[in-house]
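What follows is the residue order along each chain.
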Amino acid sequence: MKIKSIYIVLILSITGLLFALANTTKTATYELVDDQAQNANDDYNKMMDVLTHQRCMNCHPSDNIPKQGDDSHPHYFGMARGKNDHGFEATNCNTCHQSENNLNSGVPGAPHWALAPASMAWEGLTREEIAERLLDKNINGNRSHDELVKHMTEDDLVLWAWQPGVHANGEQRTVPPVSKEDFKKAVENWFANGAVIPSK
Amino acid sequence: MKISLTVNGELKTVEIADENTPLLWVIRDTLDLKGTKFGCGKAACGACTLHVDGEAVRSCSYPVKFAEGKKVTTIEGLGDRENPHPVQQAWIEEIVPQCGYCQPGFMMATAALLNKVPKPTDEDIDKNIINVCRCGTYYRMRKAIHKAANLQLEKENNQSKEL
Amino acid sequence: MADKDNGSKKVSRRKFLVKGGLGTIGVVAIGAYIFRNPIRRELLSFANSLEAPYVDNTDKPMVWFEVTTNNEILLHSPKMEMGQGTFTGIAQMAADELSVSMSQINVVHAASSTGNVDSFATGGSTSISGLWQPLRELAAMLRVMLIKEAARKMNVDSNQLTVEDGVISGNGKTLTYAQAAEGVENWEVPDVPDLKDIKEYKYIGRPVPRVDLDAKVYGDPIFGMDADMPGMLYGAVVRPSKIGSTFVSADISAAENMPGVVKIIVEDDFVGVVANSMIEAEHAKDAINVTWESFENLDTAAITKMMTVGNGNATTIQKNGAAFDEGDDFETLEFRSPIGAHAQIEPNGVVASVESDSATIKISTQVVSITRKEVAKRLGLDTEKVNIVPTYLGGGFGRRLHTPHAVQAAVMSKAVGKPVKYFFSRKEEFQHDMFRPPTHHIIKGKLNSEGLLDTLEHEFVSGDVATDSALIPNALTNFLGADVGAIRGGFIQYTAIPNFKTVYWHVELPFATSWWRSLGLLANTFAMESFIDEMALKANKNAVDFRLHQIGDEPIDKRLKNVIKAAAEKANYTEEVINGRAMGFAASIDANTPCAQVAEVSIVDNEIKVHKVTVAMDPGLAVNPDQIRAQCEGCVIMGMSAVLYEQMFVEDGELTPTIYGPYQMALMKNAPKEIDVVLLQGKDTPGAVGEPPLGPIGAAIANAVRRLTGQRLTELPLQLS
């Protein structure tokens, strides 16, 4: 036990030292460049942590079947994309999903609840591939960077991810690992810095 | 708060404490229309299906506040014994119901389907009619849905001839 | 008890009281052998064939019928209508013997205050077969009584009078039944008259439409959930999520002051809340913090381990020959079935109104007399002071044989002095169901030199089904020697086999199990008919011929052979796989009704797809052939739902899932597009209908999959590897 305690103290000390070093004032220009790239990557990673989270990914399927839950199981009862991303003719998204979460039934809801278009199928893609799709005007609804920023930071259905309501059993749904504010900043910064996909 | 909605053609104003009360309970308990059923309360079984502005809606998961100013149709307003809806007519001709509890939801879903797809294929039926029936009346329901489509088309043809 | 020793079940008796306080006394002596005891043998065969005639009020036509002023007949049915079509069948029987038209008969559920109370239950596929003789006699008695009154009023000899559509005529005069009955105060009940010749019947034997068709198509408020009473409040009861929980204490402080809350009721055995609306009651219920003493955390694996042949008490329920040499070269297969939920769409619900010296209960129940006694006992009232007003059931399937919620609603009503309506949430329905118990089967067989079975042994284990229920207390198990529900379908039907034996093992589960439509039949027939199919393949014989050669010569055996032949012929049964589709064959006898089925199956996207099912069944005389077909169709679909998709799990001590979807059931897209039903009549009285067609479907599908893929699937729900 005593030996373990020593290790813990040691680890904490080293961590503290690293934090102290990290917070020292940056002096050299080349360090700034690297830092910018690092920040850009941070923005990209934060953004992607959100886009690849189940709250987002479940409605960007590659097989036209919406997913549900943190285990991303296929939507029960055979619901699928249908002709206009809204499900089938008579039984569609709005048969059950309304413009806000339902706390009695646990059915989630937000304005214009629907699947993302098939061209925005992200399921199974790498982060780089998702980013490429996002930026490709041929498939993103001809959206410019500004329009993408607006969509990603202001659209109610996108922002639903941080107010996802409760499951049928009354428990809160999980939210993306990055806060809404940090996500918005990350998106704005990433696009402001030219929307560079890191591996490119 | 007060909410006004048209139910089966009649304008109704209800006083409701909680605007998020499911439309189902306002229809059943406040307006005393018991044909729309409670099955699960989670929009999973479809027993509570009714129409809001002509669209199929699972009313256990539909806050009454959203019905303000809208037209709601329940099984009682779909048709009656004197003037059955083609779906009800077909259900009678095929002797579909067993216990009968899920049937209003299925009939409302079917009526909504026929409004969108007047002559549904088996595949259309499989995709759109996803309510749950425990007695296992699906086999007769499928026959009744096809029959209802024909009855509705006949009815429309007759009406257009009369015009 | 073996299962106690292996450590899989460290529980105290007290915890089992979750079963509704029915008690768990007594065990059967290990190794009991029923057939040494003639009384047991008689009782068991009676319970297994379940063709007992109905016995309540069979000499009192006035308790059953009312003649209304518009010349219609009101039939107060002691049997409940839960979709099985009983109301239509009994209306046909009454109409024919009363000489009225179908439109003149109105069937209603007999309120217990009418006195026409079924002392048993609606269930076991007994309603039409049991009422066949007594109800026609009662109707004929009423006809004689009315004719006699008419004769007096018309001053015409009753021998000169005839009746058609409720109008009595003779000697140029006519009088309606209503006119004949008018003013009569003292009725003389005659001896049972001769019944009409079956050829005279206008409705019996015809596919007349259901009498409840309009009510169910136009959305009439006929169900327990639709019942109201003036000034009614809404109740909710707090239920534990964990298996085996016992109540310790409740903190009601947060809930007490919530909007709409009228009263919170803390009793020894439940905590309830009464509010102005259902939603308010539900929200307050969620705010009550109950401390439960819960069971150790159970999981599905522990239940499966518990449910293994060799645990519990064994009873040999069938034995022929002696050649059971364990050292022999037996083919052995093991089968399992999971916990099944009733999942009926109408939740259990009740409206109770309790006054100082009486109570009225509106409820969907399959056991009017038991519901009545339980409410009376709890309220300290005479049974006669409690009026049970039964409603249509939004599905029964055995779920409504237990109605403790009637007692809870009555207690809540008494506490607030107003009628209280209360019903289960869907989660409560799933977690507090009286489940179909899981089963495990070990089947052994040996072929002789001609490729027929020389020896067949079936050992299986099940939780309680019929016994330890409200209907058959566990104490009776001692006497019967076996759970008459669990063994349904467990008997070997190939009695020409020289050596055969069936052993039933009973294990007590830590959660409540009970009747699920067809009881043990679904799992037992799945296991047995899958094994028979495997032996036919091993013998290199056609599945139909293999079966036909090993059936005995009793009347029931001949009927079984006939349904097997009829199903094979109607389906053009073949063992070949054609265009990616294969056929599977299976047959069963349940409650004296033989049934054979052929399932036509393909594999689509690695899932089992059932395209067509052919059913041949011999239910005896068919009172309403259309409704018998409907029951066959329903059983095929409910059965395929159970064998392909349904399964309850136990996770961290909780029964799960708790909602449709995760509890997967057959939907429209899964149901076969063709169901072809052939009805045979191998006896001249009506037999069981509502459950026997559930028998063959599991094995029929599995046997088709075997032919398609080579895989012998031995666990329900059937899943391809």
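Residues numbered from 1 in each chain as written. Chains lettered and ligands numbered in written order. Predicted model: local features only at pLDDT ≥ 70, side-chain atom pairs only at ≥ 80, totals over all residues. Heavy atoms only, no water.

**Observations concerning the confidence of the model for chain C**
Line of reasoning, step 1. Mean pLDDT for chain C: 90, with 90% of residues reaching 70 or above.
Line of reasoning, step 2. Counted against residues more than four places away or in other chains, residues 1–36 of chain C, with its pLDDT under 50, gives 86 contacts. (pLDDT = per-residue confidence, 0-100. Contact = heavy atoms within 4.5 Å.)

**Considering the pairing of strand 17 (residues 386–390) of chain C**
Line of reasoning, step 1. Taken across its 5 residues, strand 17 of chain C has 4 buried, putting it largely inside the fold.
Line of reasoning, step 2. Once the chain exits strand 16 (residues 359–363) of chain C it traverses helix 11 (residues 368–379) of chain C before rejoining the sheet at strand 17 of chain C, and the crossover so formed is right-handed. (Buried < 20%, exposed > 50% of the residue type's maximum accessible area, 1.4 Å probe, protein only. Helix = DSSP H or I, 4+ residues; strand = E, 2+ residues; numbered from the N terminus. Right-handed = clockwise from strand over helix to strand, strands pointing away.)

**What about the interface of chain B and chain C?**
Line of reasoning, step 1. Across the contact, 51 residues belong to chain B and 62 residues belong to chain C.
Line of reasoning, step 2. Buried surface at the junction of chain B and chain C, summed over both partners, amounts to about 4,500 Å²; 63% is from carbon and sulfur atoms.
Line of reasoning, step 3. Linking chain B to chain C there are 9 salt bridges.
Line of reasoning, step 4. Taking the shortest distance from any N to any O, the salt bridge between B:R140 and C:E633 comes out at 2.8 Å.
Line of reasoning, step 5. Our enumeration of links across chain B and chain C arrives at 21 residue pairs in polar contact (both at pLDDT 80 or more).
Line of reasoning, step 6. Those elements giving two or more residues to the side of chain B that touches chain C turn out to be helix 1 (23–30), helix 2 (75–78), helix 3 (86–93), helix 4 (103–116), helix 5 (122–128) and helix 6 (138–162) of chain B.
Line of reasoning, step 7. Counting residues per element, the side of chain B that touches chain C draws most heavily on helix 6 of chain B, at 6 residues.
Line of reasoning, step 8. For the side of chain B that touches chain C, the per-class residue count stands at 26 nonpolar, 10 polar and 15 charged. (Buried area = accessible area lost by both parts, 1.4 Å probe. Salt bridge = Lys/Arg side-chain N within 4 Å of Asp/Glu carboxyl O. Polar contact = N/O pair within 3.5 Å; in protein donor to acceptor, adjacent residues only side chain to side chain. Nonpolar A, V, L, I, M, F, W, Y, C, P; charged D, E, K, R; others polar.)

**Here we look at the nonpolar core**
Line of reasoning, step 1. The biggest cluster of nonpolar side chains holds 231 residues, and the ones touching the most others in it are B:W91, C:F65, C:L98, C:L456, C:F585, C:Y660 and C:I701.
Line of reasoning, step 2. It is helix 5 (residues 127–154) of chain C that provides the largest number of residues to this core, a total of 13 residues.
Line of reasoning, step 3. Core analysis: the next-biggest nonpolar cluster, separate from the first, contains 32 residues, C:V354, C:I361, C:V375 and C:L381 among them. (Core = buried A, V, L, I, M, F, W, Y, C linked by side-chain atoms within 4.5 Å.)

**Observations concerning the side chain of B:K65**
Line of reasoning, step 1. Here B:K65 is to be found in the loop between strand 4 (55–58) and strand 5 (71–73).
Line of reasoning, step 2. Exposure remark for B:K65: the relative accessible area of 19% places this residue in the buried category.
Line of reasoning, step 3. Looking at B:K65, its side chain comes within polar contact range of the side chain of B:N20, at 2.8 Å.
Line of reasoning, step 4. Excluding anything up to four places from it in sequence, B:K65 contacts A:E100, B:I3, B:E19 and B:N20.

**Focus on the pattern of salt bridges**
Two side chains bearing opposite charge may form a pair once their charged atoms approach each other closely.
Residues and elements named next belong to chain C.
Line of reasoning, step 1. For the structure on display, the rule yields 60 salt bridges over all chains.
Line of reasoning, step 2. Linking D165 and K202 is a salt bridge whose minimum nitrogen-to-oxygen distance equals 3.8 Å. Placement of the pair is D165 in the loop between strand 5 (162–164) and strand 6 (167–170) and K202 in the loop between helix 6 (177–181) and helix 7 (213–217), with a sequence separation of 37 residues.
Line of reasoning, step 3. Overall, the relative accessible area of 32% leaves D165 in the partly exposed class.
Line of reasoning, step 4. On the accessibility criterion, K202 (44% relative accessible area) is partly exposed.
Line of reasoning, step 5. Note that D533 and R712 form a salt bridge whose closest N and O atoms lie 2.9 Å from each other. Separated by 179 residues along the polypeptide, D533 in helix 15 (residues 521–538) and R712 in the segment after helix 19 (697–709) bring together distant segments of the chain.
Line of reasoning, step 6. A single salt-bridge network, built from bridges that share partners, covers D533, E534, E575, R706, R707 and R712.

**Some details on the interface of chain A and chain B**
Line of reasoning, step 1. Contacts between chain A and chain B engage 18 residues on the former and 26 residues on the latter.
Line of reasoning, step 2. Both sides of the chain A and chain B interface together cover about 1,900 Å² of buried area, and 54% of this is carbon and sulfur.
Line of reasoning, step 3. When the buried area of chain A at its contact with chain B is split by residue, A:F77, A:E89 and A:A90 rank highest and sum to 29% of it.
Line of reasoning, step 4. At the junction of chain A with chain B, the criterion picks out 1 salt bridge.
Line of reasoning, step 5. Of the charged contacts, one joins A:E100 and B:K65 as a salt bridge, the two residues approaching to 2.5 Å between their closest N and O atoms.
Line of reasoning, step 6. Taken together, chain A and chain B are joined by 11 residue pairs in polar contact (both at pLDDT 80 or more).
Line of reasoning, step 7. Grouping the amino acids of the side of chain A that touches chain B by side-chain chemistry returns 7 nonpolar, 9 polar and 2 charged.

**Topic: the pairing of strand 19 (residues 439–447) of chain C**
Residues and elements named next belong to chain C.
Line of reasoning, step 1. The buried fraction of strand 19 amounts to 7 of the 9 residues, a majority that puts the element mostly inside the structure.
Line of reasoning, step 2. Looking at chain direction, strand 14 (residues 331–337) and strand 19 are connected through 7 bridges and run antiparallel. Its bridge partner being in strand 19, E334 is matched across the sheet by I442.
Line of reasoning, step 3. The pairing of strand 19 with strand 20 (residues 453–462) spans 9 bridges and is antiparallel. Along strand 20, the bridge assignment pairs L447 with L453. (Pairing = 2+ DSSP bridges.)

**A short note on the environment of C:Y177**
Residues and elements named next belong to chain C.
Line of reasoning, step 1. Tracing the sequence through the fold places Y177 in helix 6.
Line of reasoning, step 2. With 31 residues separating them in the primary sequence, Y177 and L146 have C-alpha atoms 6.4 Å apart.
Line of reasoning, step 3. Setting aside anything within four residues of it in sequence, one finds Y177 in contact with V67, N71, I73, L98, S99, V100, R143, L146, V163, G166 and I168.

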